[in-house]
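# Residue-level structure breakdown
One letter stands for each residue in the lines below.
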Amino acid sequence: MRLKSFVSTIALATTLAALPGLAGAATTAPPSALPQTIAEVPTQLPRTVRPTHYAISVVPDAANLRFTGSMAIDIDVLQPIDTITLNAAELDFASATLSGAAGAPAPATAITTDADKQTATLRFERPIQPGRYRLAIAYSGKINTQAAGLFALDYDSAEGKKRALFTQFEAPDARRFFPSWDEPQFRTPYDLTVTVPAGQTAIGNMPEASREPRADGTSLVRFQTTPAMSSYLLFLGIGEFDRITTTAAGTEIGVVTKKGDGEKGRYALEGAARILPYYNDYFGTPYPLPKLDNIAGPGSSQFFGAMENWGAIFSFESILLNDPAITSEARRQSIFEVAAHEMAHQWFGDLVTMAWWDDLWLNEGFASWMATKATNALHPEWEPLLGRIGGRESAITLDSVATTHPIVQHVSTVEQISQAFDSITYSKGEAVITMLEDYVGEDAWRKGVQDYISTYRLKNTVTDDLWRKVEAAAGKPVTAIAHDFTLQPGVPLIRVEGGLCESGKTAVTLRQGEFSRDNPDKKPLAWRVPVIAATLGGGDVRALVEGGSTSLTVPGCGALVVNSGQTGYYRTLYAPALLERLTTDYARLKPVDQIGLLADTWGLGLAGYQPASEALDLVDATPADANPALWGRINTILASIYRRYEGDAHQQALISRYASARLGPVLGRLGWDAKPNERDVDAVLRADLIETLGALGDAKVVAEANRRFAAGPAALNGPLRSTLLGVVAANLDVARWDKLHALARAEKDPLVRTEYYELLASTRDEALARRALDLALTDEPGATVGAGMIGAVAYEHPDLAYDFALAHRAEVETLVDASSRSRFLPQLAGGSSNRATITKLKDFAERYMTPESRRPADIAIASIEDRVRVRETRLPAITRWLEARLK
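Residues numbered from 1 in each chain as written. Predicted model: local features only at pLDDT ≥ 70, side-chain atom pairs only at ≥ 80, totals over all residues. Heavy atoms only, no water.

### Describing the overall build of the chain
Scanning the chain from N- to C-terminus turns up 30 helices and 29 strands. The C-alpha atoms of the chain give a radius of gyration of 27 Å, which matches the 29 Å a tight globule of 887 residues would have. For the C-alpha atoms alone, the extent of the chain along its principal axes is close to 90 × 65 × 55 Å. Counting only residues that meet the buried cut, the chain has 61% of its 887 residues in that class. (Helix = DSSP H or I, 4+ residues; strand = E, 2+ residues; numbered from the N terminus. Rg over C-alpha atoms; globule rule 2.2 N^0.38 Å. Buried < 20%, exposed > 50% of the residue type's maximum accessible area, 1.4 Å probe, protein only.)

This is the structure we're talking about:
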C-alpha cells in the first residue's frame, strides 16, 4: 500500500510525528516477545478452524448502498467444537449451515456478533468433530462512502452523475465484505462471482471465467480461481470503465479508468510494461498471474493512495492518471514510482506474505526500497537515489524521540494494525534494507531475496526468514546487525573525532551513541553500525562500529565524509574542525553527500547537538549550479524555518529575504517555462522553487502566479498548473477565493475538481479558512473530498482545524475512512505551536480513545512539544545568523 493523505503533508511541516510511548500509550514489546517463527504468530480468532477455500457471490445494490452475499467456505475443523468464530464487521446474517461428508446439514442455532471485536460466532446444536466441512452463509452488508470494505465513488460525467464500486480490504476490512478468517496467515484460493448491472464492467484479481446474461439486463460474472492468498488482497471493481492493455513478458497488463479516461492511463501502462520484466528478472520468479490491472478510482482517501491487490492494483486517479494539461513533472515521476512500489508487492507481500501485522514492514519497507531500485534502473535520469535521503529523514524524524517504536512491532488490536502504516514501517524499513544490501553486496542480497521468494512462494513468513536467506547467500553475519535495527527503536549517532592526517592517511575515531531530539542525555542503545568513510579526492574504508567505538585510517587528506554514499541509517556528528573543513569544501562533495551532510547538520542543529545555524553555512556554500535535489533539500529547510517563525512577521521577513536572495537566481536561471530538451530534474526544481518562494511570500513569484491565474484556466495548463494554483491559494483574497470557488463548482473532471476544493482550504487568510471548513461539511465537495479540505486548513491553521473538527466530530468522522478515524482528529493538531492544544489533546484522548488507540494523540502532543522547544531554544541562533547575513 502506498500512503497518501493530508497527514503526510502536515508531517513535513511539523518535522515531527512521534509514535506511542507517552502517558497512556501502549508500551513497546521487547524483542523476545515478538514472533520469530510462524508457530508463534498471534491470532485474534480461535485456532480450532482453518479455512481452505472461499466461494463468494455478491449482488450489489449501488443505488441504495447495500449488497447481499452468499458464500461457501471449505474449512478444516481441528478439534471438537460447538461454535465457529470468524471475523465480520457491519454485516447482517440471514443463515449459516454446516455440512460434511456424512450426515444432514446442520444449521446454526444462533449467530451472535461482537462489534468491538469485529467477530461473528455461529453456534450449533451438536459438537462438531474434527474433519473437513463446508460452511454456507447468507448475509448482507452496506456499501460505504469511504474506502473501507465495498465502497462507492461518485463522479460527474457527460451523461450526469455516475457511481462506481471498489473494494479496499487492507488492513482489516475484508470482514466488511464477507465473513472470514481475516488475518494474513489464512491463505486460501478464492472464487468470486458478482451480479453486474447492464452496461457495466467488473474487474477482479483474475480474468473472467464466464459471463452469463440475465433477463433483467444484469450479468453474472465469474472470475477464475485465485492462487492461495490472504483475505486483504481480494479485489472487486464495478462500473462504466475503459480498459487499455498491452503485453509484457507474457503477461497481459491493463489500466482501468472511468469511461473516457483510458488514454490518461497510457503513461502508467507503459511504465508497468517496463517494470514487470525487470521484476521477473530481479526476483528470479516470473509474475504468477495471467493478468495485472491497475485500476483508477475518482476521489481520495485520508489513509492511502494505492493498494497492491494481487493482479488488480487500485489507485486513486491522482496517483495513476497522466494528463499533460494538469500533471506536473513530479507527479508524472510519482506515477511510475508508485506503480513500481505496488508491483513490487506482487512478489513481496502477495506471493510471499507476512504472517502477522508485526512484520508489515516486510511488505512496505521492501516495496519502498524495491521501487527506488527499479526507478533508478529504468529512469536513472530522475536520480531517485538522491531522493532516498528524504525518506530516511522522515524516518529519523519519527525515530529520534522517546515515543518511537521498532520496525518490527507488536500489534494486537484492529486500531494498532491501521496505525502501523507509518514512516518507520515504510521509510526506515527502506533505509535499513539499503544499508544491509550495501553491507552484504548487491549480488549476495539479490541471491538471498530470490531464495526467500522461491522457498516461501504462496506461504507466510516472519522477518527472520528473510535474514536467514540473506545470511546464507552472503556467507557473512547479517542477522545480528538486522536485529539491532529492526527489533529495537531509535537512531544511532556516530561521533567523528580526530582527523589528523599523516603520510597521506587520515586517522579518526568513531564513537557510537544515540541521536535523540527530546532526551539527548539518555543512555544510548547499542547497535552494530556498518560505516563507509571516505576523504575528498582519496579512498574509502568500510568498518563495523561495534562495542561503542572503532578507529579508522582512511586514505587521503581531504575533507572526511562518514556515511559516504549515504547508505547508512544513522546521524553523523563531526568534531567542529572536521565540519568546518567539510563546509569549506562543500561544493566539491558528491551530490549525495552534500544532501546527506546538510540533512544531518540541520537535524543535529534542531536537536541541540550543534548550532542550528550551521546548516545555513552549508546553504551559503552551495553553488548556484548545484544538483537540483540539493536545492530541493534547501527549499524544505528554508520553508520549515519560515513556518517555525509563525506569528512573528519580522523573523519571517528575514528568512523570506534570505530565501529570495538565495533561491531567486536559481529560478531565474531555470526560467518560468520549460525549455527545449531540459532535464526532468530541472522541471521538478522549477516547481519546487516557485512553490517555496510563493509560500514565503516572494513578491515577484506571487505576482506572476496571480497574473497567470487572472488570465484564465487555459493560461495555467501544463506541468506548473498545480504549483501556480498553490501559490495563488496560499495568498487568496476574498475575490480570488470566490473565483476559485466558482471554478470548483463548475468543474466536471473529478481530479481537477478535488484539487480546486482542497486549494480553497489552503489559504493563509483565517476568515477564508473558516469558510472552507464550513464548506467541507456540505455535500458540495463530495463524500471523499471534505476530509482533505479540513486537512488542508490544518496545514496553515492547525488549531482552527482541530477545534472545528472536534466541535463537529460526528459529521467529520463520516468523511473519513474507518481505518483513519482514530488518527484523523488528533493529527490535525500536529502542526500547532500552542501549548494549550496539548491540554486539549490529552482531554480528547482520555474521553474518546482507548490505550490502544491513543497513539495519534501522543504523536500530535510530541509534535507540539518539539515545535515549542525548537522555537524557544534553537531559532535564536538562526535569527542571529540571518541578521548578521542580511545587514
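### What to know about the pairing of strand β24 (residues 505-515)
Each regular strand carries side chains that alternate between the two faces of the sheet. In terms of strand pairing, strand β23 (residues 491-502) meets β24 through 11 bridges, oriented antiparallel. Counted as the bridge partner of Ile494 is Gln512 from β24. As consecutive antiparallel partners, β23 and β24 are separated by 2 residues, and within that stretch Ser503 has a phi angle of approximately 55°, a positive value. Both β24 and strand β27 (residues 549-555) contribute to a ladder of 7 bridges, which runs antiparallel. What sits directly across from Ala507, in β27, is Thr553. (Pairing = 2+ DSSP bridges.)

### Quick notes on the confidence of the model for the chain
Residues at a pLDDT of 70 or more form 95% of the chain, whose mean pLDDT is 91. Within the model, the stretch residues 5-35 combines pLDDT values under 50 with 95 contacts to residues more than four positions away or in other chains. (pLDDT = per-residue confidence, 0-100. Contact = heavy atoms within 4.5 Å.)

### A short note on the sheet that holds strand β6 (residues 110-114)
Across the sheet, 3 strands lie side by side as β3-β7-β6; this open sheet has antiparallel pairing. The strands lining the two open edges of the sheet, one partner per strand, are β3 (81-87) and β6. Here the strands of the sheet are splayed against their neighbours by 25° on average, with no regard to which way each runs. With 6 bridges connecting them, β3 and strand β7 (residues 119-128) associate as antiparallel partners. By the bridge assignment, Ile84 is partnered in β7 with Leu122. (Axes fitted to C-alpha atoms, helices over the stretch in contact; angles between N-to-C directions.)

### What to know about helix α30 (residues 875-885)
Those residues of α30 that sit buried are Leu875, Ala877, Ile878, Thr879, Trp881 and Leu882. Its buried side turned inward, α30 meets α13 (591-607), α14 (614-620), α15 (628-644), α16 (649-670) and α29 (855-873).

### Let's talk about the side chain of Arg721
By the secondary structure assignment, Arg721 is in helix α20 (residues 721-730). A distance of 2.5 Å separates polar atoms of two side chains, one belonging to Arg721 and the other to Glu755. Beyond its immediate stretch of four places on either side in the chain, Arg721 contacts Ala325, Ile326, Leu716, Val752, Glu755 and Tyr756. (Polar contact = N/O pair within 3.5 Å; in protein donor to acceptor, adjacent residues only side chain to side chain.)

### Points about the state of the cysteines
Put plainly, a disulfide is one covalent bond tying together the sulfur atoms of two cysteines. Using the criterion set out here, one finds 1 disulfide in the structure. Linked covalently through their sulfurs, Cys501 and Cys557 form a disulfide whose S-S length is 1.7 Å. Taking the sign of the torsion about the S-S bond as the criterion, the disulfide between Cys501 and Cys557, at about -60°, is left-handed. Of this pair, Cys501 sits in strand β23 while Cys557 sits in the loop between β27 and β28 (560-562); the two residues are 56 residues apart in sequence, bridging distant segments of the chain. (Disulfide = S-S within 2.5 Å.)

### Examining the nonpolar core
One broad rule of soluble globular proteins: the nonpolar side chains tend to lie buried together. In terms of nonpolar packing, the biggest core is built from 288 residues, with Phe178 and Trp445 touching the most fellow members. In terms of residue count, the dominant contributor to this core is helix α5 (residues 360-378) (10 residues). (Core = buried A, V, L, I, M, F, W, Y, C linked by side-chain atoms within 4.5 Å.)

### A few points about the packing of aromatic side chains
In this structure the tally under the stated criterion is 40 aromatic pairs. Ring plane angle 35° and centroid distance 5.6 Å describe the contact between Phe169 and Phe177, whose orientation is recorded as tilted. Take Phe169 and Phe177: they sit in the same class, and that class is buried. Measuring from centroid to centroid gives 5.1 Å for Phe348 and Tyr452, while their planes differ by 20°, and the two rings are stacked. Of the two residues, Phe348 is situated in the loop between α4 (329-345) and β21 (352-354) and Tyr452 in helix α9 (residues 442-455); the sequence distance between them amounts to 104 residues. Both residues of the pair, Phe348 and Tyr452, belong to the buried class. Through pairs of rings, three or more aromatic residues link up here, namely Tyr278, Tyr279, Tyr282, Phe283, Tyr287, Trp347, Phe348, Phe366, Trp369, Trp445, Tyr452 and Tyr456. The positively charged end of Lys476 is found above the aromatic ring belonging to Tyr439, 4.1 Å away from the centroid. (Phe/Tyr/Trp six-rings, centres within 6.5 Å; stacked < 30°, edge-to-face > 60°. Lys NZ or Arg CZ within 6 Å of the ring centre and 35° of its normal.)

### Some words on the environment of Leu875
Inspection of the secondary structure puts Leu875 in helix α30. On the basis of relative accessible area, Leu875 is assigned to the buried category, the value being 2%. Considering only alpha carbons, one finds Leu875 and Tyr645, 230 residues apart in sequence, at a separation of 8.2 Å. Excluding residues within four positions of it along the chain, Leu875 makes contact with Arg644, Tyr645 and Val870.

### Focus on the pattern of salt bridges
Counted under the stated rule, the structure contains 61 salt bridges. Residues Lys162 and Glu240 are paired through a salt bridge, measuring 3.2 Å at the closest nitrogen-oxygen approach. Of the two residues, Lys162 sits in strand β10 (residues 160-168) while Glu240 sits in the loop between β15 (236-239) and β16 (241-248), which places them 78 residues apart along the sequence. A residue is classified by how much of its surface remains accessible, and Lys162, at 18% relative accessible area, is buried. By relative accessible area, Glu240 is classed as partly exposed at 25%. Residue Arg854 pairs with Glu846 through a salt bridge whose shortest N-O separation is 3.3 Å. Assessed through its relative accessible area of 60%, Glu846 is described here as exposed. Through salt bridges with shared partners, a single ionic network connects Lys258, Asp261, Lys264, Glu317, Asp323 and Asp749. (Salt bridge = Lys/Arg side-chain N within 4 Å of Asp/Glu carboxyl O.)

### Observations regarding the environment of Gly239
With respect to the helices and strands, Gly239 occurs in strand β15. When its relative accessible area of 0% is taken as the criterion, Gly239 is described as buried. In sequence terms Gly239 and Thr839 are 600 residues apart; their C-alpha atoms lie 47 Å from each other. Excluding its chain neighbours within four sequence positions, the residues that come into contact with Gly239 are Ala164, Gln200 and Thr201.

### A closer look at the sheet that holds β27
Ordered in space as β27-β24-β23-β29, the 4 strands form an open sheet in which the pairing is mixed. Where the open sheet ends on each side, the last strands, each with one partner, are β27 and β29 (571-574). Across this sheet, the average inter-strand angle for adjacent strands is 30°, counted without regard to direction. Both β23 and β29 contribute to a ladder of 4 bridges, which runs parallel. By the bridge assignment for β29, Arg495 is matched with Leu573.

### Quick look at unusual backbone geometry
The step from Glu170 to Ala171 runs through a cis peptide bond, and the omega angle for that step is 5°. Mapped onto the elements, Ala171 comes out in the loop between β10 and β11 (190-196).

### Observations regarding the packing of helix α28 (residues 835-848) against α29
Close contact between α28 and α29 brings their axes to 9 Å; oriented N to C, the two are set at 170°. Comparing the axis directions of α28 and α29 gives the class roughly antiparallel. At the point where α28 passes α29, the crossing takes the left-handed sense. From α28, Arg835, Thr837, Ile838, Leu841, Lys842 and Ala845 reach across to α29, where they touch Ala857, Ala860, Ile861, Ile864, Glu865, Val868 and Glu872. Along the lines of polarity and charge, the residues of the contact of α28 with α29 split into 8 nonpolar, 1 polar and 4 charged. (Parallel < 35°, antiparallel > 145°, perpendicular 65-115°, else oblique. Left-handed = near helix turned anticlockwise from the far one by under 90°. Nonpolar A, V, L, I, M, F, W, Y, C, P; charged D, E, K, R; others polar.)

### Focus: the packing of helix α25 (residues 798-807) against helix α27 (residues 821-828)
Between α25 and α27, the least distance of the axes is 7 Å, while the angle of their chain directions is 140°. Considering their axes alone, α25 and α27 lie oblique with respect to each other. Between α25 and α27, the contacting residues are Pro798, Ala801, Tyr802, Ala805 and Leu806 on the first element and Leu825, Pro826 and Leu828 on the second. Considered class by class, the residues forming the contact of α25 with α27 number 8 nonpolar, no polar and no charged.

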